[in-house]
Amino acid sequence: MAGNKCAVFLVLLTFTRTLTGGDTDVSCIFMETCMLPCSSEGGTAVIHWFQQSAGNRFVHSFYEGKDQLGLQNQRFRGRTSLFSDQISSGNASLLLTKVEVQDEGRYKCYTSTENGIKESFINLKMDAPVHEVDIQREGNTLTCCSEGIYPEPKLTWSTSPPSNVNSKCNTRMQETEQHLYNISSSVTPSDSETDLTFSCTISTRRSKRSVTWPSTSSKQSNSGATVAGVIAAIVITGVVAAVGFMLYKRRKVQQEPQSTDSDSAYVSKCFMNYSMKTCLKIKPDVYNDSN
Ligand SMILES: *[C@@H]1O[C@H](CO)[C@@H](O)[C@H](O)[C@H]1NC(C)=O
Ligand SMILES: *[C@@H]1O[C@H](CO)[C@@H](O)[C@H](O)[C@H]1NC(C)=O
């Protein structure tokens with residue numbers, strides 16, 4: 001009875017999951033390869049992938065045991081594939097190469113096999129992260145810029161010590177042919193602000209980069225060296241400690257037979273001569289001896 005209830009519950013759960021199953025979000029990186037997951041019920045399959053948000057464009061189809069690309073939208077030509085060796089075991093995932101901004105949107109995966117029909121939806125989001133931020137000074141003006149970013153980046157200035165620099169900057173954004181963004185922003189420090197350190201930060205939902213003027217690159221490489229030094233010191237200390245511990249343990253194992261006269265003698269000796277931790281490690285041997 002309990003088993004029955006459980007089964008009913010599971011069926012209901014699966015059913016509601018299918019009905020309400022929300023879209024799966026997939027993040028893809030500009031010009032990289034991206035996998036849109038989808039599974040079928042397994043068996044001989046008909047698979048259709050559509051870009052639903054762009055008027056149900058045909059992305060990829062598979063039936064009668066092979067890819068069927070006759071109706072494929074030309075935007076996807078040569079960029080799609082399925083995992084053909086895994087289709088019969090229920091893998092209907094789509095591999096999309098050289099992802100572009102226009103690939104963003106909602107995709108529908110339709111699968112039909114002798115075991116059932118399934119539809120699932122993927123929301124493809126694309127990111128072109130902020131790679132490099134450049135800062136330059138011309139005359140009295142500082143210009144900060146970066147290119148090829150998606151989605152629309154945010155740019156903020158800050159100074160150390162703080163000032164109201166953000167209210168005085170002049171930021172421009174341009175869209176490239178590939179629908180990415182170039183961004184640049186200029187500030188002209190007043191005479192009283194020429195001693196400040198200026199930082200420019202450009203960020204998107206998944207990336208963030210800053211640069212500072214006057215350049216801190218020498219400082220950065222110094223701190224890089226310091227970090228490397230500290231890491232090296234930690235690693236060396238660790239290795240020395242490990243080797244020391246091993247030598248110590250080995251010596252101890254060699255000494256051990258002489259010190260196992262009786263349990264009580266052994267334990268008390270252990271406490272007197274060694275640290276608590278070492279003593280605990282030896283305990284199983286003590287038990288073995290007493291058995
Ligand atoms: C399909 O196969 C690919 C490649 O082995 C794998 O990475 C992916 O997780 C599989 N997807 C599903 C839904 O089984
Ligand atoms: C964006 O930046 C790139 C790289 O510098 C440049 O080739 C392109 O012309 C720029 N596009 C626009 C619209 O400013």
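Reading the values: rules and limits
- Residues numbered from 1 in each chain as written.
- Chains lettered and ligands numbered in written order.
- Predicted model: local features only at pLDDT ≥ 70, side-chain atom pairs only at ≥ 80, totals over all residues.
- Heavy atoms only, no water.
- Pairing = 2+ DSSP bridges.
- Helix = DSSP H or I, 4+ residues; strand = E, 2+ residues; numbered from the N terminus.
- Axes fitted to C-alpha atoms, helices over the stretch in contact; angles between N-to-C directions.
- Disulfide = S-S within 2.5 Å.
- Buried < 20%, exposed > 50% of the residue type's maximum accessible area, 1.4 Å probe, protein only.

## Thoughts on the sheet that holds strand S13 (residues 170-175)
Overall, antiparallel pairing links the four strands, which are arranged S10-S11-S14-S13 in an open sheet. In this open sheet, the two strands that pair with only one neighbour each are strand S10 (134-138) and S13. Within the sheet, the average angular offset between the axes of one strand and its neighbour, ignoring direction, is 20 degrees. Note: S13 against strand S14 (residues 181-187), six bridges, orientation antiparallel.

## Focus on the sheet that holds strand S12 (residues 154-160)
Read from one edge of the open sheet, three strands run S12-S15-S16, paired in antiparallel fashion. Either end of the sheet is taken by a strand with one partner, and the two such strands are S12 and strand S16 (207-213). Going across the sheet, the axis of each strand differs from the next one's by a mean of 20 degrees, ignoring polarity. Here strand S15 (residues 197-204) pairs with S16 via seven bridges, running antiparallel. Note that in S16 the partner of Ile202 across the bridge is Arg209.

## Remarks on the state of the cysteines
Enumeration over the complete set of coordinates arrives at three disulfides. The residue that forms a disulfide with Cys38 is Cys109, at a sulfur-sulfur distance of 1.9 Å. On the sign convention where negative means left-handed, the S-S torsion of about -75 degrees between Cys38 and Cys109 marks this disulfide as left-handed. In this pair, Cys38 is assigned in the loop between strand S2 (34-36) and strand S3 (45-51) and Cys109 in strand S8 (residues 105-113), connecting sequence segments 71 residues apart. Considered together, Cys38 and Cys109 belong to a single accessibility category, that of buried residues. The residue that forms a disulfide with Cys144 is Cys200, at a sulfur-sulfur distance of 1.9 Å. The sign of the S-S torsion, about -65 degrees, decides the handedness of the disulfide formed by Cys144 and Cys200: left-handed. Taken as a pair, Cys144 in strand S11 (residues 141-149) and Cys200 in strand S15 lie far apart in primary sequence, 56 residues in all. Overall, Cys200 belongs to the buried group, its relative accessible area being 0%. No disulfide involves Cys145; its sulfur sits 6.7 Å from that of Cys144, the nearest cysteine. Take Cys145: its relative accessible area is 22%, and that puts it in the partly exposed class.

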